[in-house]
Structures are given as C-alpha cells and as structure tokens.
Amino acid sequence: NAVEYTSANGVVSVESDLSSDIVLDVRDSGPRLPDEVLDRVFDRFFRLAPSRGVGRHSGIGLSLVKSTCLSLGFAVSVRNDPEGGVGFQVRRASGTG
C-alpha cells in the first residue's frame, strides 16, 4: 500500500529497532488518511474510496496484516504523520519477548 499510494517522487521508509518493542515501522509520503477512518483501515473489505485502484485491491490486505500480527503476539497500529503521509508500526505486544 505504501508504494501504491505514494507518488513516483515520494518516499517509503521501512525500519526496525529490535532493541525496543518496534519490530517494523513503515512510513510513506503519500496522502494522509482522513482521521475518521484510521480506526477502520484494518477492517475486512474496508476501502477508503471504491474508485481507488478498481480491480486491484479488495480491502483485505491490512486485515490480514492485523490477523497475522495478533496470532504471532504482535500489535499493529496506523497513524498520520504530522509532516504528511501515513505510518504503520508493528510492535511486540506486552509480555512477549
């Protein structure tokens, strides 16, 4: 998604810090998500706008990410970056090593 929705001149960064609880941090310089949908992006079949990427996206990718994370003992979150773009973080859930 980060690559898909970031312009050709944009930036996608992928980082991790295994010394902390951050396992994966993905940020892009693409368009921010409306604040009112941030809680819904992990819902199955949720799509911000049906016209975006018609035929290319089904709205299950982020739902699969969340399900996989939960089954492995991780938590995933989304946020709008203050400078623009969207960020996703996968963290160790409390009590996991």
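See the structure shown above.
Rules behind the numbers
- Every residue gets a number counted from 1 within its own chain, in the order that chain's sequence is written.
- The predicted origin of the model limits local features to residues at a pLDDT of at least 70 and limits the giving and counting of side-chain atom pairs to 80 or more, whereas totals for whole chains, interfaces and linings rest on all residues.
- Water and hydrogen atoms play no part in the side-chain values, which are based on all heavy atoms of the structure.
- Each helix corresponds to a stretch of at least 4 residues labelled H or I by DSSP, and each strand to a stretch of at least 2 residues labelled E; elements are numbered beginning at the N terminus.
- With a 1.4 Å probe rolled over the protein chains alone, any residue whose accessible area is under 20% of its type maximum counts as buried; one over 50% counts as exposed, and the rest are partly exposed.
- Throughout, a residue-residue contact means that at least one pair of heavy atoms, one from each residue, lies within 4.5 Å.
- Only the protein chains shown count as cover for residues, and all accessible areas are computed by the Shrake-Rupley method using a 1.4 Å probe.
- Stacked, edge-to-face and tilted labels apply to pairs of Phe, Tyr and Trp rings (six-membered ring for Trp) whose centres lie within 6.5 Å, assigned for plane angles under 30 degrees, over 60, and everything in between, in that order.
- For two strands to be treated as a pair, DSSP must find no fewer than two bridges joining them.
- Detection works on a 1 Å grid of protein atoms alone, calling trapped sets that fit a 1.4 Å probe cavities and calling open sets with protein on both sides within 12 Å along at least five of seven lines pockets, with lining residues defined by an atom within 4 Å of a point.
- Grid points are joined across faces, edges and corners, and a volume is the space filled by probe spheres set on the points.
- Under the scheme applied here, ten amino acids are nonpolar (Ala, Val, Leu, Ile, Met, Phe, Trp, Tyr, Cys and Pro), four are charged (Asp, Glu, Lys and Arg), and all others, including Gly, are polar.
- Each polar contact in these results corresponds to two N or O atoms within 3.5 Å; when the atoms are within protein, one needs to be able to donate a hydrogen and the other to accept it, and residues that are neighboring in sequence are counted only if both atoms are side-chain atoms.

A. Spatial organisation of the overall build of the protein chain. Within the protein chain, the regular secondary structure consists of 1 helix and 4 strands. Secondary structure elements of the protein chain, listed N to C terminal, follow the sequence β-β-α-β-β. Burial statistics for the protein chain: of 97 residues in total, 30% are counted as buried. Sequence separation of at least 24 residues holds for 45% of the intrachain contacts in the protein chain that already meet a minimum separation of 6. Summed over its atoms, the accessible surface of the protein chain is roughly 6,300 Å², and 55% of this surface lies on carbon and sulfur atoms.

B. View of unusual backbone geometry. Here the phi dihedral of Phe45 falls at roughly 65°; this positive angle occurs in a residue that is not glycine. Looking at the element boundaries, Phe45 is found in the loop between β2 (22-28) and α1 (61-71).

C. Quick look at the packing of aromatic side chains. Scanning all chains against the criterion turns up 1 aromatic pair. Aromatic pair Phe42 and Phe88: ring centres 6.0 Å apart, planes at 90°, arrangement edge-to-face. Linking Phe42 in the loop between β2 and α1 with Phe88 in strand β4 (residues 86-92), this pair joins segments that are 46 residues apart in sequence. By relative accessible area, which is 10% here, Phe42 ends up buried.

D. A look at the pairing of β4. Most of β4 sits out of view: 5 of its 7 residues are buried. Looking at chain direction, β2 and β4 are connected through 5 bridges and run antiparallel. Note that in β4 the partner of Arg27 across the bridge is Gly87. When strand β3 (residues 74-80) meets β4, the two strands line up antiparallel, connected through 7 bridges. If you follow Ala75 over to β4, its bridge partner there is Arg91.

E. Main features of the layout of surface pockets. The volume enclosed by the second largest pocket comes to roughly 210 Å³. Asn1, Ala2, Leu24, Val26, Leu62, Val65, Cys69, Val76, Phe88, Gln89 and Val90 together form the lining of the second largest pocket. Listed by contribution, the elements that provide at least two residues to the lining of the second largest pocket are β2, α1 and β4. Here the lining of the second largest pocket is built from residues that sort into 9 nonpolar, 2 polar and no charged.

F. Layout of the side chain of Asp28. Relative to the elements of secondary structure, Asp28 occurs in strand β2. For Asp28, a relative accessible area of 10% corresponds to the buried category. Among the polar contacts made by the side chain of Asp28, one reaches the main-chain amide nitrogen of Gly30 at a distance of 2.9 Å.

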